[in-house]
Protein chains: 6
Amino acid sequence: MANDKRPNDDRFERGARALASIDGHAGQKVVDALADIAPDFARYLIEFPFGDIYSRPGLDLRAREIATIAALTAMGNAAPQLKVHIQAGLNVGLTREEVVEILMQMAVYAGFPAALNGLFAAKEVFAARGG
Amino acid sequence: MANDKRPNDDRFERGARALASIDGHAGQKVVDALADIAPDFARYLIEFPFGDIYSRPGLDLRAREIATIAALTAMGNAAPQLKVHIQAGLNVGLTREEVVEILMQMAVYAGFPAALNGLFAAKEVFAARGG
Amino acid sequence: MANDKRPNDDRFERGARALASIDGHAGQKVVDALADIAPDFARYLIEFPFGDIYSRPGLDLRAREIATIAALTAMGNAAPQLKVHIQAGLNVGLTREEVVEILMQMAVYAGFPAALNGLFAAKEVFAARGG
Amino acid sequence: MANDKRPNDDRFERGARALASIDGHAGQKVVDALADIAPDFARYLIEFPFGDIYSRPGLDLRAREIATIAALTAMGNAAPQLKVHIQAGLNVGLTREEVVEILMQMAVYAGFPAALNGLFAAKEVFAARGG
Amino acid sequence: MANDKRPNDDRFERGARALASIDGHAGQKVVDALADIAPDFARYLIEFPFGDIYSRPGLDLRAREIATIAALTAMGNAAPQLKVHIQAGLNVGLTREEVVEILMQMAVYAGFPAALNGLFAAKEVFAARGG
Amino acid sequence: MANDKRPNDDRFERGARALASIDGHAGQKVVDALADIAPDFARYLIEFPFGDIYSRPGLDLRAREIATIAALTAMGNAAPQLKVHIQAGLNVGLTREEVVEILMQMAVYAGFPAALNGLFAAKEVFAARGG
């Protein structure tokens, strides 16, 4: 149950718009899946990452998705979120070739297994989007 | 002792140029520090990350440093390398504001401590560069 | 094969009782699954974590499960064990709402993906326990 | 520079009160250290972790600090934040013995080195507080 | 597409031989799976880990696989690669009992969940190899 | 305060002998440093890792130290323990060259920063041992 009686409308609305334009359908699915267990967390997810961070003007969305894809690949313990952000990267203008370059580069910083697991996640995402 | 009698000259030379242009003095210091304990590893460091990966045409150096800064901040266990790459990011054209945006964004993916430690690393690097 | 001829009966019996009361069926399944590959490891699992640590008087089981659920969520690479301990937390008196609070809090320390993956693990555990 | 013209006063004020009561002097030092490099991040730190999460009614502060101490010890890559939260745990009512119990328990989930490094961090904090 | 017109034949051939003798079928499957998404990465995988590192004379393959099995178990986020290297360990002369010893030992350094997940990975590999 | 009135003498004595022969002075220093904060943890450290695991006959100490050095290097968040085990590896018969080989190999599995930080830890240990 939320302890915020009056939602912070600006952040939420700005975040909801950012989430929709970046993650599209995949972002909404995460929000929906939280509805019965942690609805407040869905609100936080929209407000802080998307309403606060992704909406900041100092770095464009293409650069932000490069950072996120790199981080999730290197951490290696967040496969569902990595797939969402490989999609998001393509949505905001990264090419498949660029996504593959980012993933390969992670072999240098997090090892070959992290890069391989990232590449196989990308392969699934690319296949699901088609030719 | 190296087990490669004939070094792979192209990769090494291309890597040495890339390392010098990206990491400058800091990269050379790492290579020098390896000389007495693992000289072959200095060669690998030049050949694979810099001769192979950073020299690939599919992603520009600015994007590559965004990926590396994000990954090292998220992993949170490679402070010396993160500082080298914050410098490298500035060397290849990122502004200080952009570096700060990348570091703040990592709070979303790796938590506030990882972002804070990244920001304090950047503060040291910025102070050392002056201005 | 064990290299301990004479098992340390007190620790083992105390640990077996603690394991049964905390993890119940799920703990026994882990022990059984080890029988053909590493029976000594099943014994260590009973003796050290349960016979030594969980049996210590300085912290109650509710607090111990808060710590374990938080740690496994933050590490993000031990999904089966996290599910066992979400169950264990409920067994020793945490409410579902309290478990959800712990998981959401991990977004602060380990990032939103770790918290999301923890919440979806809890959703599975709650559903399996029913209503 | 902030992209939020109108700060979300309720969250910020609630968060500032929570930060002061939990982390005291140590929390304010972190906020101050961010002032010249990422003042917006200081605001986010107050608003999301403290204004949103720690202010939620579903889990008391003692339980929240158990979770945070456990998570930071297990992750093992956030020593400054672990020390702040060992202090915070003592501030909100954990005894030194309870803190030590949490840290020792992490040997089970994250290994003996993580527990040892947590215990040595606690030793520093305890010594600084005296007595 | 490769940016190396002239492949470094010695490293590639030496690496391909090492990969075949160590990982056998499993290594070739990884290389094949990369063919349509990142063929250059398959080449790097053969050249650097196998052509450079595993081909070095200073440590025998049995010792190298002990190191790799330990590392992948401790990291806990590379299950497919761990299974490949449990197989590789058996291929280069480790007994099943020795593999189990390495995995159990990781409980000390990375926690019981990491060791358990390693043991269950080994159980799958052993079962697939038969009796 | 210990909750074990009667210590498990066999495990403790066997562990104390193993610790002394493997880690020597460095192991005793860790035990001493725990005396005022967590004396029971010193006992667990002797009993489980050394009395139980390192004393098992199925893998020799040289192989066990290869596994530990690899794991701690790959995890990258346990520098003090890595130094202790680089020493331990030399104590049980690894050569400096072999230690360096293990550390370099970790670049493949955990990235170049992990390997570099391991190599610089070894450099310190080698220098402290002299010649």
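Owing to the predicted nature of the structure, the values given are computational and were not obtained by experimental measurement.

Take the relation of the copies chain B and chain A next. The two copies are related by a screw operation: chain B maps onto chain A through 180° of rotation and 0.0 Å of translation along the axis, at an RMSD of 0.1 Å. In short, the pair behaves as if placed about a two-fold rotation axis. The C-alpha atom lying nearest the rotation axis in chain B is that of A71 of chain B; the distance is 2.1 Å.

Moving on, we come to the relation of the copies chain C and chain A. Overlay of chain C on chain A (RMSD 0.0 Å): rotation 120°, translation along the axis 0.0 Å. Here the copies are linked by what is in effect a three-fold axis. In terms of proximity to the rotation axis, the leading residue of chain C is N77 of chain C, whose C-alpha is 3.4 Å off the axis. When the interface residues of chain C are mapped onto chain A, a mere 6% of them are again interface residues, pointing to distinct binding faces.

So, about the confidence of the model for chain A. Residues and elements named next belong to chain A. For chain A, the mean per-residue pLDDT works out to 93, and 94% of the residues sit at or above 70. Across residues 1-6 the pLDDT falls below 50, and counting only partners more than four positions away or on other chains, this stretch makes 15 contacts in the model. On the interface metric, ipTM, the complex scores 0.93, and its pTM is 0.95.

Attention now moves to the packing of aromatic side chains. Aromatic rings considered in pairs are described by the distance between their centres and by the relative angle of their planes. Counting across every chain of the model gives 33 aromatic pairs over all chains. Between the aromatic rings of F48 of chain C and Y44 of chain F, the centroid separation amounts to 5.7 Å while the plane-to-plane angle is 70°, which identifies the pairing as edge-to-face. Highlighted residues: F48 of chain C in helix α2 (residues 39-53) and Y44 of chain F in helix α3 (residues 39-53), drawn from two different chains. Judged on exposure class, the residue F48 of chain C and its partner Y44 of chain F are both buried. Here a set of aromatic residues connected by ring pairs shows up, and it is made of F41, Y44 and F48 of chain A, F112 of chain B, F112 of chain C together with F41, Y44 and F48 of chain D.

Before going further, it helps to examine the side chain of E65 of chain A. All names here are of chain A. Looking at the element boundaries, E65 is found in helix α4 (residues 61-75). No salt bridge is formed by the buried E65; its nearest oppositely charged neighbour, R64, is found at 8.5 Å. If we skip the residues at most four places from it in the chain, E65 touches I22, Y54, H85, A88, G89, V92 and L94.

Our next topic: the packing of helix α1 (residues 9-22) of chain E against helix α3 (residues 39-53) of chain E. Residues and elements named next belong to chain E. Here α1 crosses α3 at 80°, and the two axes come no closer than 7 Å. The orientation of α1 with respect to α3, classified from their angle, is roughly perpendicular. Facing α1, whose interface residues are R11, F12, R14, G15, A16, A18, L19 and I22, α3 presents R43, I46, E47, F48, F50, G51 and D52. Partitioned by chemical class, the residues of the contact of α1 with α3 number eight nonpolar, two polar and five charged.

Let's shift gears to the interface of chain C and chain A. At the junction of the two partners, chain C supplies 16 residues and chain A supplies 17 residues. Buried area between chain C and chain A, summed over both chains or domains, comes out near 1,400 Å², and the portion from carbon and sulfur atoms is 75%. Summed over the three residues of chain C that lose the most area to chain A, namely F112, L116 and K123 of chain C, the buried surface amounts to 37% of that side. For the pair chain C and chain A, the interface holds one salt bridge. Here K123 of chain C ties to D36 of chain A by a salt bridge, and the two come within 3.2 Å at their closest N and O atoms. At the junction of chain C with chain A, the criterion picks out four residue pairs in polar contact (both at pLDDT 80 or more). Breaking the side of chain C that touches chain A down by element, the ones donating at least two residues are α5 (96-110) and α6 (112-129) of chain C.

Moving on: helix α1 (residues 9-22) of chain D. All names here are of chain D. Compared with an ideal rise of 1.5 Å per residue, which puts 14 residues at 20 Å, α1 spans 20 Å between its outermost C-alpha atoms and is within 8% of the ideal. Of the residues making up α1, those classed as buried are R11, R14, G15, A18, L19 and I22. Down the axis of α1, the sector holding all buried residues measures 135°, keeping them to one side. Where α1 ends, the next residue or the one after it, G24, has phi of about 55°, a positive value.

This next bit is on the nonpolar core. Most often, soluble globular proteins have nonpolar side chains that are buried together. Residues F41 of chain A, F41 of chain B, F41 of chain C, F41 of chain D, F41 of chain E together with F41 of chain F are the most contacted members of the largest nonpolar core, which totals 312 residues. Beyond its immediate stretch of four places on either side in the chain, F41 of chain F contacts M104, A107, F112, A115, L116 and L119 of chain D together with L34 of chain F.

Between α2 of chain C and α3 of chain F, whose axes approach to 12 Å, the crossing angle comes to 175°. Considered as vectors, α2 of chain C and α3 of chain F are oriented roughly antiparallel to each other. Of the residues in α3 of chain F, those in contact with Y44, F48, D52 and I53 of chain C of α2 of chain C are Y44, F48, D52 and I53 of chain F. Among the residues forming the contact of α2 of chain C with α3 of chain F, the class breakdown is six nonpolar, no polar and two charged.

Take the interface of chain B and chain A next. Across the contact, 30 residues belong to chain B and 30 residues belong to chain A. Counting across the chain B and chain A interface gives four salt bridges. With a shortest N-O distance of 2.7 Å, R64 of chain A and E101 of chain B are connected by a salt bridge. Here chain B and chain A share 13 residue pairs in polar contact (both at pLDDT 80 or more) between them. Looking at the side of chain B that touches chain A, the elements that each hand over two or more residues are α3 (39-53), α4 (61-75) and α6 (96-110) of chain B. Classifying every residue of the side of chain B that touches chain A gives 21 nonpolar, four polar and five charged.

To continue, consider the environment of A107 of chain D. Along the chain, A107 of chain D falls in helix α6 (residues 96-110). Its relative accessible area of 0% is what places A107 of chain D among the buried residues. Spatially, the C-alpha atom of A107 of chain D lies 14 Å from that of F120 of chain D, the residues being 13 residues apart in sequence. What A107 of chain D contacts, discounting residues up to four positions off in sequence, is F48 of chain C, F112 and A115 of chain D, A107 and G111 of chain E together with F41 of chain F.

Residues and elements named next belong to chain E. A rise of 1.5 Å per residue sets the reference length of helix α7 (residues 112-129), with its 18 residues, at 26 Å; its end C-alpha atoms lie 26 Å apart and thus fit the reference within 8%. Every buried residue of α7 is accounted for by F112, P113, A114, A115, L116, G118, L119, A121, A122, V125 and F126. Directly after α7, the chain includes G130, whose backbone phi takes a positive value near 85°.

Summarising the element assignment, A33 of chain D is placed in helix α2 (residues 24-34). The residues touching A33 of chain D, leaving out its near neighbours within four places in the chain, are F120 and K123 of chain B.

Definitions and limits used
Residues numbered from 1 in each chain as written. Chains lettered and ligands numbered in written order. Predicted model: local features only at pLDDT ≥ 70, side-chain atom pairs only at ≥ 80, totals over all residues. Heavy atoms only, no water. Least-squares fit on C-alpha atoms with pLDDT ≥ 70 in both. Contact = heavy atoms within 4.5 Å. pLDDT = per-residue confidence, 0-100. Phe/Tyr/Trp six-rings, centres within 6.5 Å; stacked < 30°, edge-to-face > 60°. Helix = DSSP H or I, 4+ residues; strand = E, 2+ residues; numbered from the N terminus. Buried < 20%, exposed > 50% of the residue type's maximum accessible area, 1.4 Å probe, protein only. Lys, Arg positive; Asp, Glu negative; His and termini not counted. Salt bridge = Lys/Arg side-chain N within 4 Å of Asp/Glu carboxyl O. Axes fitted to C-alpha atoms, helices over the stretch in contact; angles between N-to-C directions. Parallel < 35°, antiparallel > 145°, perpendicular 65-115°, else oblique. Nonpolar A, V, L, I, M, F, W, Y, C, P; charged D, E, K, R; others polar. Buried area = accessible area lost by both parts, 1.4 Å probe. Polar contact = N/O pair within 3.5 Å; in protein donor to acceptor, adjacent residues only side chain to side chain. Expected span 1.5 Å × (residues − 1). Arc of directions from axis to C-beta. Core = buried A, V, L, I, M, F, W, Y, C linked by side-chain atoms within 4.5 Å.

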